[in-house]
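# An overview of the molecular structure
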Amino acid sequence: MAEGTRDSATTWPAEVYRTLKAAEVRQAAYVPDAGHTALIDLFLADSEVAATVLTTEEEGVAIAAGAWLGGQRSVLLMQSSGAGNCINMLSLPVMGRFPLLMLVTMRGEWAEFNPWQVPMGRATQPALEAIGIRVMRADEPALLVETVGAAAALAYDSDQQVAVLIGQRLLGRKKW
Amino acid sequence: MTPMSTSSTLSRRAAVAALLAPRKDLLVVTGLGSPTYDVHAAGDRDDNYYLWGAMGGAALVGLGLAQAQPKRRVLVVTGDGEQLMAFGSLATIAAAGPRNLAIAVIDNQHYGETGMQVSHTGRGIDLAAVAAAAGFAAAATLRNEAEIAAIAPTLNEPAEGPRFYVIKVAADSPPRSMPSRDAVFIKNRFRAHLGFAAG
């Protein structure tokens, strides 16, 4: 990995955080993923954002709908294995046209060590699209920040349900 | 575990009516199936959000709403089957610790929408004990209208943390009282009640 790529690979969480703050996100729900570590820490340290740790990802889909009912914008963080857990709960934002912004770190697609990550990694985009979620994808840090900004506008301003897939290539090889 | 027969003779409609009778500006979210019909039968209101699906989502819609509206109180009215699907939500809500959220499980110990199959609460699972173990500020099982009437007014006030009430009711099926199934309409009506623009 080139040095410059490694630098941007460490700064994108802060830039995504600033983008979400600029979009007035007030709630962040998450099941942890190594790729989301820095972003989760930034939300946990932010007294203006209610950061909610989940036992399973679909909880966050329902929280996002409740937040919007109460006038707040939210973001949901998960890894690709969690996207499968969300499918039926996504009926709620799809039927209610609730804004939804999911940031999904991908596994099972680039230099993956664990074969158990592969099936859901392969199914993430088609499964989300099948239930009616708009899927966007970024494999470069700079493109990711821009994509999150565009996805946030689509979600909150145009009442869309959007998942941004963060490519495993961008996240780098998992250290074992 | 052998199914146990429900011993409650309390009507679910009477139970929900008693629960909502002292309601002031409480925001209410309902779980799919009979709890949605019960709350609608008690009176359709702009500050009700009815779920018709998304099983397992009611308590967590309540959590997101409670976190967004810390100065308001939120009540989730759901069923035992719906809450059982959200078993983990008891950990999530207890960890989040909202002082303005209460959950009432209208527990007939059966899956009433699908043929009255016995649920886990009819096989000995004590949801109030689970909520207490998770760390809810209050967790109790209520068995008659007097017990419901004793806690119902307190739902208008904040507490030390999230509250959880199981209300044991008879496994009856009163006539459906159906709100709009248009989730967008109900959403926009609810948000307009809180002063937010439609959309």
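For the structure itself, look to the data block above.
Residues numbered from 1 in each chain as written. Chains lettered and ligands numbered in written order. Predicted model: local features only at pLDDT ≥ 70, side-chain atom pairs only at ≥ 80, totals over all residues.

### Examining the overall build of chain B
If you tally the helices and strands in chain B, you get 8 helices and 8 strands. The globule rule puts the C-alpha radius of gyration for 199 residues at 16 Å, and the 15 Å found for chain B is close to it. Oriented by its inertia axes, the alpha-carbon framework of chain B measures out at about 50 × 35 × 30 Å. Taking all 199 residues of chain B together, 49% fall into the buried category. The contacts in chain B between residues at least 6 apart in sequence include a share of 77% that link residues at least 24 apart. (Helix = DSSP H or I, 4+ residues; strand = E, 2+ residues; numbered from the N terminus. Rg over C-alpha atoms; globule rule 2.2 N^0.38 Å. Buried ≥ 20, exposed ≤ 12 C-beta atoms within 10 Å, placed from the backbone. Contact = placed C-beta atoms within 7 Å.)

### Here we look at the sheet that holds strand β7 (residues 138–142) of chain B
All names here are of chain B. Ordered by their spatial adjacency, 6 strands build an open sheet running β2-β1-β3-β4-β8-β7, and the pairing between neighbours is parallel. The open sheet is flanked by β2 (48–50) and β7, the only strands paired with a single partner. Taking the axes of each pair of neighbouring strands and ignoring which way they run, one obtains an average angle of 15° across the sheet. In terms of strand pairing, strand β3 (residues 74–79) meets strand β4 (residues 101–107) through 6 bridges, oriented parallel. Residue Val76 lies in a different strand from β4, and its bridge partner there is Ile103. Along the sheet face, helix α3 (residues 58–68) touches β1 (27–30), β2, β3 and β4 and points at about 175° away from the line of β3. (Pairing = 2+ DSSP bridges. Axes fitted to C-alpha atoms, helices over the stretch in contact; angles between N-to-C directions.)

### Here we look at the sheet that holds strand β2 (residues 50–53) of chain A
Residue and element names in this part refer to chain A. Taken in spatial order, the 6 strands line up as β2-β1-β3-β4-β6-β5 in an open sheet, and their pairing is parallel. The open sheet terminates on both sides in strands that have one partner only, identified here as β2 and β5 (134–138). Neighbour-to-neighbour, the strand axes of the sheet open up by a mean angle of 20°, direction not taken into account. Examined bridge by bridge, β5 and strand β6 (residues 161–166) share 5 bridges and lie parallel to one another. Following the sheet pairing, Arg137 is matched in β6 by Leu165.

### Details of the packing of helix α3 (residues 58–69) of chain A against α3(B)
The interhelical angle for the contact between α3(A) and α3(B), taken along N-to-C directions, is 40°, at an axis separation of 6 Å. Taken as axis vectors, α3(A) and α3(B) run oblique relative to one another. Seen along the crossing, α3(A) lies across α3(B) with a hand that is right-handed. Listed contacts from α3(B) to Glu59(A), Ala62(A), Ile63(A), Ala64(A), Ala65(A), Gly66(A), Ala67(A) and Leu69(A) of α3(A) are Leu60(B), Val61(B), Gly62(B), Leu63(B), Gly64(B), Leu65(B), Gln67(B) and Ala68(B). (Parallel < 35°, antiparallel > 145°, perpendicular 65-115°, else oblique. Left-handed = near helix turned anticlockwise from the far one by under 90°.)

### Focus: the interface of chain B and chain A
Each partner contributes residues to the interface: chain B has 28 residues there, and chain A has 28 residues. The set of elements that each furnish at least two residues to the side of chain B that touches chain A consists of α3, α5 (89–96) and α8 (183–193) of chain B. With 8 residues, the top contributor of residues to the side of chain B that touches chain A is α3(B). In the side of chain B that touches chain A, the residues fall into 15 nonpolar, 11 polar and 2 charged. (Nonpolar A, V, L, I, M, F, W, Y, C, P; charged D, E, K, R; others polar.)

### Here we look at α8(B)
Along α8(B), the residues classified as buried are Ala183(B), Ile186(B), Lys187(B) and Phe190(B). Seen from one end, α8(B) has its buried residues packed into an arc of 100°, which puts them on one side. Those residues of α8(B) that are buried lie in contact with α3 and α5 (91–96) of chain A together with β2 of chain B. Positioned one or two residues after α8(B), Gly195(B) has a phi angle of 95°, which is positive. (Arc of directions from axis to C-beta.)

### A closer look at the pairing of β6(A)
Residues and elements named next belong to chain A. Counting buried positions along β6 yields 6 of 6 residues, so the element is predominantly enclosed. On β6, burial covers both faces: Gln161, Ala163 and Leu165 on one face and Val162, Val164 and Ile166 on the other are all buried. The pairing of strand β4 (residues 100–105) with β6 spans 6 bridges and is classified as parallel. Across the sheet, residue Leu103 finds its bridge partner in β6, namely Val164. Assessed by its sense of winding, the connection that carries the chain from β5 through helix α7 (residues 141–158) to β6 is right-handed. (Right-handed = clockwise from strand over helix to strand, strands pointing away.)

### Here we look at the environment of Ile40(A)
Residues and elements named next belong to chain A. With respect to the secondary-structure elements, Ile40 resides in helix α2 (residues 37–44). Sequence separation between Ile40 and Ala64 is 24 residues; the distance between their C-alpha atoms is 16 Å. When neighbours within four sequence positions are excluded, Ile40 is seen to be in contact with Tyr30, Pro32 and Leu77.

### Overview of the pairing of β4(A)
All names here are of chain A. Taken across its 6 residues, β4 has 6 buried, putting it largely inside the fold. What you see with β4 is no split at all: Leu100, Met102 and Val104 on one side and Leu101, Leu103 and Thr105 on the other are buried throughout. Two strands pair when backbone bridges link them, and strand β3 (residues 73–79) and β4 are joined in this way by 4 bridges, in the parallel orientation. Across the sheet, the residue bridging to Leu77 is Leu103, located in β4.

### As for the packing of helix α1 (residues 12–20) of chain B against helix α2 (residues 34–41) of chain B
All names here are of chain B. As a packed pair, α1 and α2 sit with axes 9 Å apart at the nearest point and diverge in direction by 60°. Taken together, the axes of α1 and α2 lie oblique to each other. Like other packed secondary-structure pairs, α1 and α2 cross with a definite hand, here right-handed. Where α1 abuts α2, its residues Arg12, Arg13 and Val16 lie against Ser34, Asp38, Val39 and Ala41. Partitioned by chemical class, the residues of the contact of α1 with α2 number 3 nonpolar, 1 polar and 3 charged.

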